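Observations on the model geometry
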Amino acid sequence: MKCIRVSEPASFDALVNGALKQSDAVYVLFFGREAPGTNKSWCSDCVIADPLVREEIGKIENSILLEVPVDRSTDKGSATNTFRKRSDIKLTRIPTLLRWSKAGPAAVRLVEDECNRTEIRRYIAQTDEASGHATPLLESEEPVDDA
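Residues numbered from 1 in each chain as written. Predicted model: local features only at pLDDT ≥ 70, side-chain atom pairs only at ≥ 80, totals over all residues. Heavy atoms only, no water.

Put simply, the test is: UniProt positions are given in the numbering used here, feature names are shortened, and annotations may be inferred rather than shown by experiment.
The name an unreviewed UniProt entry gives the chain is Thioredoxin domain-containing protein, with Coemansia aciculifera as the organism. What UniProt states about the chain under its Sequence similarities (unreviewed entry) heading is, verbatim, "Belongs to the thioredoxin family."

Focus: the overall build of the chain
Selection rule: Secondary structure elements are defined from DSSP: runs of H or I of at least 4 residues count as helices, runs of E of at least 2 residues count as strands, and each element is numbered from the N terminus. Burial classes follow relative accessibility: with a 1.4 Å probe on protein chains only, a residue under 20% of its type's maximum area counts as buried, one over 50% as exposed, and anything between as partly exposed. The contact rule is simple, with two residues in contact once any of their heavy atoms fall within 4.5 Å. Areas reported here follow the Shrake-Rupley algorithm with a probe of radius 1.4 Å; residue values treat only the protein chains shown as occluding.
Per the secondary structure count, the chain includes 4 helices and 6 strands. Each helix and strand of the chain, ordered N terminal to C terminal, gives the series β-α-β-α-β-α-β-β-β-α. In the chain, buried positions account for 41% of the 147 residues. Within the chain, residue pairs in contact and separated by at least 24 positions form 65% of the contacts whose partners lie at least 6 positions apart. Taken as a whole, the chain presents about 8200 Å² of accessible surface, with 49% of it coming from carbon and sulfur.

Examining the environment of aspartate 24
Note that aspartate 24 resides in the loop between helix H1 (12-22) and strand E2 (26-32). The exposure class of aspartate 24 is exposed, given its relative accessible area of 52%. Spatially, the C-alpha atom of aspartate 24 lies 8.2 Å from that of asparagine 62, the residues being 38 residues apart in sequence.

Digging into the pattern of salt bridges
How we decide: Each reported salt bridge corresponds to a side-chain nitrogen of Lys or Arg within 4 Å of a carboxyl oxygen of Asp or Glu.
Scanning the model with the defined rule gives 13 salt bridges in all. As a salt-bridge pair, glutamate 34 and arginine 5 come within 2.7 Å of each other at their nearest N and O atoms. Of the two residues, glutamate 34 sits in the loop between E2 and helix H2 (44-58) while arginine 5 sits in strand E1 (residues 2-5), which places them 29 residues apart along the sequence. What makes arginine 5 partly exposed here is its relative accessible area of 36%. Among the ionic contacts, a cluster of salt bridges with common partners joins Glu55, Glu56, Lys59, Arg117 and Arg121.

Concerning the side chain of arginine 86
Along the chain, the position of arginine 86 falls in the loop between helix H3 (82-85) and strand E4 (96-101). Contacts of arginine 86, omitting those with residues within four sequence positions, involve Phe12 and Asp13.

A closer look at the environment of arginine 93
Relative to the helices and strands, arginine 93 resides in the loop between H3 and E4. Contact partners of arginine 93, with chain neighbours within four places excluded, come to Val111 and Glu112.

Thoughts on the packing of aromatic side chains
Convention followed: Ring pairs shown here join Phe, Tyr and Trp side chains whose ring centres sit within 6.5 Å, with only the six-membered ring taken for Trp; geometry is labelled stacked below 30 degrees between planes, edge-to-face above 60, and tilted in between.
On inspection of all chains with the given rule, the structure shows 4 aromatic pairs. Aromatic pair phenylalanine 12 and phenylalanine 83: ring centres 5.3 Å apart, planes at 70°, arrangement edge-to-face. Of this pair, phenylalanine 12 sits in helix H1 while phenylalanine 83 sits in helix H3, and the two are 71 residues apart along the sequence. Each of the two residues, phenylalanine 12 as well as phenylalanine 83, counts as buried. Centre to centre, the rings of phenylalanine 12 and tryptophan 100 are 5.4 Å apart; their planes meet at 75°, and the pair counts as edge-to-face. Of this pair, phenylalanine 12 sits in helix H1 while tryptophan 100 sits in strand E4, placing them 88 residues apart in sequence. Accessibility classification places phenylalanine 12 together with tryptophan 100 in one group, the buried group. An aromatic cluster is present here, built from Phe12, Phe30, Phe83 and Trp100 joined pairwise through their rings.

In structure tokens, the structure reads:
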């Protein structure tokens, strides 16, 4: 898995488009920005979800995860508030995990406590099905069977 940090909101579209030229398995994770000094997110749900998202997305061959840190919604001067206003993203809560394609973000997203291992696996399978192809897992991984 390749990780790309979106440090500036203005570079988001260019980074997403660049990732889509490299892979069909592009995911975007919006999470609470880390506090200077502690390097820990102010968002407790994000702290829990981050390693799970990385682990599950990391099982997908040639996957790309764009990491988008956002500030608190109360920080009105933050440039990251643009993600709350964009009609294609409409960010309301974090963490939020989206699969991105050339058509834009998937209609379905995972938000807050939905970013758990079981739901992440289902989301990957569901968005694969919606895109019309299966994302190959790394050779060491077995397909998920929720039956």
